[in-house]
Amino acid sequence: MARYTGPVCRLCRREGKKLFLKGDRCYSDKCALGRRQSVPGQHGKSRKKVSEYGTQLRAKQTARRYYGVMENQMLRYFEIAARQPGKTGENMLVLLERRLDNVVYRLGFAASRKEARQLVRHGHYTVNGKKANIPSIQLKVGDVIAVAESSRSSEKIKSVTEANASRPVPQWLDADKNQLTAKIVRMPVREDVDMDIEEQQIVEFYSK
């Protein structure tokens, strides 16, 4: 599957906000957005009037890059959300929040979503006691996520979980960081998304 392999700090600068793509670096003075707030590229410092389409595009790109999904995946989430009852934009964000890689990140079992995807693909986590290596798995209420027994002695897993042990966990997740397990106690809602995402702009972008 295609994936972005370029410098991720450019993505934050392009969207003009922190997307927290590099773990601890995003919280430090080394954050590229803090040092250079202009848009990347030769004409990044010039001011341009943003059209309605441009505003919608930036909203879509912000959400897509924040969750680390490709364009085809994003479109598929929109189509699924549009068929569900309720507000399409909120439904789409809930689908993105329920991804396994996002949940692993939210629990502090990985420093970033990119690292979470890599660790999931390497089989370091289980869902309901079974090894899960697909980052896009949609989790549901009652599912139990845990660090695999075979991975608990891994120095990588130890360092990652210890470094992120103090990260706040959303209320829809019941985490036991000592046992490295967690349970989904309810569906996430719009208020659980702590990123400034304009989901209605995304809906309008895809509805054209």
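Here, the structure is the one placed above.
Description of the sheet that holds strand β3 (residues 144-147)
Here is step 1: Overall, antiparallel pairing links the 5 strands, which are arranged β2-β1-β3-β5-β4 in an open sheet. Every interior strand has two partners, whereas the edge strands, β2 (130-131) and β4 (173-176), have only one.
Here is step 2: Note that β4 and strand β5 (residues 181-184) share 4 bridges and pair antiparallel. Paired with Asp 174 across the two strands is Lys 183, which belongs to β5.

Overview of the packing of helix α4 (residues 71-83) against helix α5 (residues 88-97)
Here is step 1: Two elements in contact, α4 and α5, have axes whose closest approach is 8 Å; the angle formed by their N-to-C orientations is 125°. In terms of orientation, α4 and α5 fall into the oblique class. For the crossing formed where α4 meets α5, the hand is right-handed. Contacts between α4 and α5 pair Met 74, Tyr 77, Phe 78, Ile 80, Ala 81 and Ala 82 from the former with Thr 88, Asn 91, Met 92, Leu 95 and Leu 96 from the latter.
Here is step 2: When its residues are assigned to classes, the contact of α4 with α5 shows 9 nonpolar, 2 polar and no charged.

A closer look at α5
Here is step 1: Burial analysis of α5 places 9 of its 10 residues in the buried class, the great majority of the element.
Here is step 2: Where the residues of α5 are buried, they touch α3 (52-67), α4, α6 (100-106) and α9 (199-207).

A look at the pairing of β5
Here is step 1: Alternating residues of β5 divide into Ala 182 and Ile 184, all buried, and Thr 181 and Lys 183, none buried.
Here is step 2: Pairing geometry for β3 and β5, over 3 bridges, is antiparallel. Considered in β5, the bridge of Ile 145 is made with Ala 182.
Here is step 3: In sequence, β4 turns back onto β5 through a hairpin of 4 residues, with Leu 180 there showing a positive phi of about 55°.

Calculation notes
- Residues numbered from 1 in each chain as written.
- Predicted model: local features only at pLDDT ≥ 70, side-chain atom pairs only at ≥ 80, totals over all residues.
- Heavy atoms only, no water.
- Pairing = 2+ DSSP bridges.
- Helix = DSSP H or I, 4+ residues; strand = E, 2+ residues; numbered from the N terminus.
- Axes fitted to C-alpha atoms, helices over the stretch in contact; angles between N-to-C directions.
- Parallel < 35°, antiparallel > 145°, perpendicular 65-115°, else oblique.
- Left-handed = near helix turned anticlockwise from the far one by under 90°.
- Contact = heavy atoms within 4.5 Å.
- Nonpolar A, V, L, I, M, F, W, Y, C, P; charged D, E, K, R; others polar.
- Buried < 20%, exposed > 50% of the residue type's maximum accessible area, 1.4 Å probe, protein only.

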